[in-house]
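Overview (structure and organization)
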Amino acid sequence: MTLPEVQNAIFEKKICVLIPTYNNEKTLKRVIDGVLDYTENIIVINDGSTDSTLQILEKYSITIINLSENKGKGNALKIGFRKAKEIGYDYAITIDSDGQHYPDDIPVFVENLLSENEDVLLIGNRNMSQDGIPKKSSFGNRFSNFWFWFETGIKLEDTQSGYRLYPLHKIPKKYFTPKFEFEIEIIVRTAWRDIPVKNVPIKVLYDPAERVSHFRPFKDFTRISILNTILVTITLLYIIPRNFVNNFKKKSFKKFIKEDVLESEGTNRVKAFSIALGVFVGFLPFAGYHTLLVISLSILFKLNKVLAFVGSNVSLPPFMPFIIAASLLLGVPFVNGNSDIFNQEWNFDLVKNNIFQYIIGSLILASTMSVISGIAAFLFLNKVNPENN
């Protein structure tokens, strides 16, 4: 795109550029001047800087928000997003003020936005393997990429870059993190809203003579780890079941079988193993933890998470009395247990008083039904979709 085309697209799409800054006096002016080559729609959030940032900003006729104290990048971005929407912008490109990002990559974001037929969140994809990239940054990015995939199912090459384009009216309105971990929270929760999150190629510069990093390895990594623990828990206990139910509601049973079973990820053998794993876990006496266990195991063994989750629902409440009865009966020969269960009152004490009998029986039941369901699923899949072996 030519410069006039980029400038026109920024105007028509109502795009602004947010620049959060904290004590980056060496690079701030260069970043602002570079952005001004493309647009004057700039919002700078001065996050309580104590250097010459205020004096630098006084020379510009752009929107400037001066915060009295430093409260973190996440807090600065939230304030910037709120201001951008108040002014009337629909999209915001965020660029760090430490000089690592090139303003001349702004057209990359604009061009990719124009090529999409829907709102999208774009993240700059830095070449983390190039010379000069700190090893800790490369490792941290791979770590973040893995958890983002786990939490959303979206595979990206760079999830930590601060050079991004946000659809302001599609991102969440409330957030729970104020510092560096905010940039993880926002992309995960936006992806949970079914907004596409994609990488676009950008350049990056790491100049130790200029760059000032405010990332505190121990404190911030701990905060990020806590956040990911919470997000993973929400993913397993709410997001995956919610998505499954929503997809099932939107489709006929025939369409569900075709798209979510026959055309889902993996060979017929992998799909059959996935269903068998789900059934095995579903029959185990871990009420309340089936989803967490089955999704974790399916990821560990690289199986189909959706089919494993479907299989685990053999333990739905209407089936539980039959599962408990079968487990108690199957456990009798192995522990010299009580076989006269049908002449007793059915309550929690019945299971508690015969707990070892119940556990042994549930393992036998789970193993048997797992093998049967796995074989049946493989034969069915092989018959209707024989090319996918």
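We now turn to the structure provided with this report. The residue count restarts for each chain, going from 1 along the sequence in the order it is written. A pLDDT threshold of at least 70 governs which residues receive local features in this predicted model, and a stricter bar of 80 or more applies before side-chain atom pairs are shown or counted, although totals over entire chains, interfaces and linings include all residues. The side-chain numbers reported here are obtained from all heavy atoms of the structure, hydrogens and water having been left aside.

Okay, helix H12 (residues 305–312) next. When we look at burial in H12, the residues that qualify are Leu307, Ala308, Phe309, Gly311 and Ser312. For H12, the capping residue at the N-terminal end is Asn304, with a side-chain oxygen 3.1 Å from the backbone nitrogen of Val306. Accessible area is worked out with a 1.4 Å probe on protein chains only. A residue is then buried under 20% of its type maximum, exposed over 50%, and partly exposed in between. Here a strand is any run of E in DSSP of at least two residues, a helix any run of H or I of at least four, and the numbering for each starts at the N terminus. As used in this structure description, the phrase polar contact means that two N or O atoms lie within 3.5 Å; if the pair is within protein, one of them must be able to donate a hydrogen and the other to accept it, and residues adjacent in sequence are counted only when both atoms belong to side chains.

Whether parallel or antiparallel, the strands of a sheet pair through hydrogen bonds between backbone atoms. When DSSP locates at least two bridges between a pair of strands, those strands are taken to pair. Spatially, E3-E2-E1-E4-E6-E5-E7 is the arrangement adopted by the 7 strands of the open sheet, whose pairing is mixed. With partners counted over all chains shown, the strands left at the sheet margins are strand E3 (63–67) and strand E7 (197–201), one partner each. On average, each strand axis in the sheet is inclined to that of its neighbour by 20°, with strand direction left out of account. Strand direction decides the pairing type here: strand E1 (residues 15–21) and strand E2 (residues 42–47), joined by 5 bridges, are parallel. Bridge pairing links Pro20 to Ile45 in E2. Against the sheet, helix H7 (residues 182–191) contacts strand E5 (121–125), strand E6 (164–167) and E7, and its axis sits at roughly 45° relative to E6. Axis lines are fitted through C-alpha atoms, for helices just across the contact stretch, and the angle between N-to-C directions can take any value from 0 to 180 degrees. Whether two residues touch is decided by their heavy atoms; if any such pair falls within 4.5 Å, the residues are in contact.

Time to look at empty space enclosed by the protein. Using protein atoms alone on a 1 Å grid, points that fit a 1.4 Å probe yet trap it form a cavity, whereas open point sets bounded by protein on both sides within 12 Å along at least five of seven lines form a pocket; residues with an atom within 4 Å of a point count as lining. Grid points are joined across faces, edges and corners, and a volume is the space filled by probe spheres set on the points. One pass over the full model with this rule turns up 1 cavity of 30 Å³ or more. Empty space within the largest cavity amounts to approximately 30 Å³. At the level of elements, helix H10 (268–283) and helix H13 (320–335) are the ones that each hand at least two residues to the lining of the largest cavity. For this scheme, ten residues count as nonpolar: Ala, Val, Leu, Ile, Met, Phe, Trp, Tyr, Cys and Pro. Four count as charged, namely Asp, Glu, Lys and Arg, and the remainder, Gly too, count as polar. Tallied by class, the residues present in the lining of the largest cavity amount to 6 nonpolar, 3 polar and no charged.

It is worth spelling out the nonpolar core at this point. What we call a nonpolar core is a set of buried Ala, Val, Leu, Ile, Met, Phe, Trp, Tyr and Cys residues that are connected through their side-chain atoms within 4.5 Å. Of all hydrophobic cores here, the largest spans 33 residues; its most connected members are Ile43, Phe81 and Ile186. Mapped by element, the contributors of at least two residues to this core are E1, E2, E3, helix H4 (73–87), E5, H7 and helix H8 (217–250). With 6 residues, the top contributor of residues to this core is H7. Setting aside anything within four residues of it in sequence, one finds Ile43 in contact with Cys16, Val17, Leu18, Ile19, Thr63, Ile65, Gly80, Lys83, Ala84, Ile87 and Tyr89. Counting 30 residues, the second-largest nonpolar core is a separate cluster that includes Leu28, Ile62, Leu113 and Leu122.

Here the focus is a positive patch on the surface. Side chains of Arg82, Lys85, Lys170, Lys173 and Arg193 sit close together on the surface and give a patch of like positive charge. Residue classification places Arg193 among the partly exposed positions, given a relative accessible area of 45%. Patch construction takes residues with relative accessible area above 30% that form no salt bridge. Like charges are linked within 9 Å, and nonpolar side chains (Val, Leu, Ile, Met, Phe, Trp, Tyr) are linked within 5 Å. For the area figures, the Shrake-Rupley method with a 1.4 Å probe applies, and any residue is considered shielded solely by the protein chains shown. Any Lys or Arg side-chain nitrogen found within 4 Å of a carboxyl oxygen on Asp or Glu counts as a salt bridge. A residue counts as positive if it is Lys or Arg and as negative if it is Asp or Glu; His and the chain ends are not included. Where a charge sits is defined by one atom per residue type, namely NZ (Lys), CZ (Arg), CG (Asp) or CD (Glu).

Moving on, we come to the packing of H10 against helix H15 (residues 355–384). Between H10 and H15, the least distance of the axes is 8 Å, while the angle of their chain directions is 155°. Classified by the angle between their axes, H10 and H15 sit roughly antiparallel to one another. Relative to H15, the crossing made by H10 is right-handed. Residues Asn268, Arg269, Lys271, Ala272, Ile275, Ala276, Leu277, Val279, Phe280 and Phe283 of H10 lie in contact with H15, whose contacting residues are Ser362, Leu365, Ala366, Ser367, Met369, Ser370, Ser373, Gly374, Ala377, Phe378, Leu381 and Asn382. Class assignment of the residues belonging to the contact of H10 with H15 gives a composition of 13 nonpolar, 7 polar and 2 charged. Orientation labels follow simple angle bins: below 35 degrees gives roughly parallel, above 145 gives roughly antiparallel, 65 to 115 gives roughly perpendicular, and whatever is left gives oblique. For any pair of crossing helices, the crossing counts as left-handed if the nearer helix is rotated counterclockwise from the farther one by less than a right angle, and right-handed if it is rotated clockwise.

As for its placement among the helices and strands, Phe146 is situated in helix H6 (residues 135–152). We classify Phe146 as partly exposed; its relative accessible area is 38%. Separated by 13 residues in sequence, Phe146 and Thr159 have C-alpha atoms that sit 9.4 Å apart.

With that settled, consider the pattern of salt bridges. With the rule as written, the count across this model stands at 9 salt bridges. One continuous salt-bridge network, built from bridges that share partners, spans Lys73, Asp96 and Glu183.

Take the side chain of Thr159 next. Its place among the elements puts Thr159 in the loop between H6 and E6. Look at Thr159 and you get buried, because its relative accessible area is 1%. A distance of 2.7 Å separates polar atoms of two side chains, one belonging to Thr159 and the other to Asn145. Excluding anything up to four places from it in sequence, Thr159 contacts Asn141, Ser144, Asn145, Phe148, Arg164 and Ile187.

Our focus in this paragraph is the packing of aromatic side chains. Any Phe, Tyr or Trp ring, taking Trp's six-membered ring, that has another such ring centre within 6.5 Å forms a pair; planes under 30 degrees apart are called stacked, those over 60 apart edge-to-face, and the others tilted. The tally for this structure, following the rule as stated, stands at 9 aromatic pairs. The positively charged end of Lys203 is found above the aromatic ring belonging to Tyr102, 5.2 Å away from the centroid. By the criterion adopted, a ring carries a charge over it if an Arg CZ or a Lys NZ lies within 6 Å of its centre and within 35 degrees of its normal.

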